[in-house]
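Structural description and commentary
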Amino acid sequence: MIFLAHIIVDDSEMLEKAIKRFKRMVEKEGIIREFKKREYFEKPSTILNRKKKANARKLLKKNRKGRSDY
């Protein structure tokens, strides 16, 4: 998987501003999050358990939100 994040820096633009723009772009594209996720091997069963727990939390949150309307 290749991630490509680049910015074009004008001659009149301050370097700090360009770096902030680059950091925002990298964060928005999720490059660092993806790198940290792939930094270590994770067993398929662990991935499955994590996804099940995340779905359960999402469903619980959705159910709580739906009940507050009544």
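Residues numbered from 1 in each chain as written. Predicted model: local features only at pLDDT ≥ 70, side-chain atom pairs only at ≥ 80, totals over all residues. Heavy atoms only, no water.

**A word on the pattern of salt bridges**
- Under the definition given, this model contains four salt bridges.
- A salt bridge links Lys37 to Glu34; the shortest N-O distance between them is 3.8 Å. Within this pair, Lys37 and its partner Glu34 are both found in helix H2 (residues 31-38), separated by three residues, close to a single helical turn.
- With a closest N to O distance of 2.4 Å, Arg38 and Glu34 form a salt bridge. Here Glu34 and Arg38 lie together in helix H2, a separation of four residues that amounts to about one turn.
- Overall, Glu34 belongs to the buried group, its relative accessible area being 15%.
- When salt bridges with common partners are traced through the structure, they connect Glu34, Lys37 and Arg38 into a single cluster. (Salt bridge = Lys/Arg side-chain N within 4 Å of Asp/Glu carboxyl O. Helix = DSSP H or I, 4+ residues; strand = E, 2+ residues; numbered from the N terminus. Buried < 20%, exposed > 50% of the residue type's maximum accessible area, 1.4 Å probe, protein only.)

**As for the confidence of the model for the protein chain**
- Taken over all residues, the pLDDT of the protein chain has a mean of 88, while the share at 70 or more is 91%.
- Within the protein chain, H2 has the poorest average pLDDT of any element, 88, and helix H3 (residues 44-67) the best, 93. (pLDDT = per-residue confidence, 0-100.)

**Concerning H3**
- Along its 24 residues, H3 runs 35 Å from first to last C-alpha, staying within 8% of the 34 Å computed at 1.5 Å per residue.
- Across the 24 residues that make up H3, only a small minority, zero, are buried. (Expected span 1.5 Å × (residues − 1).)

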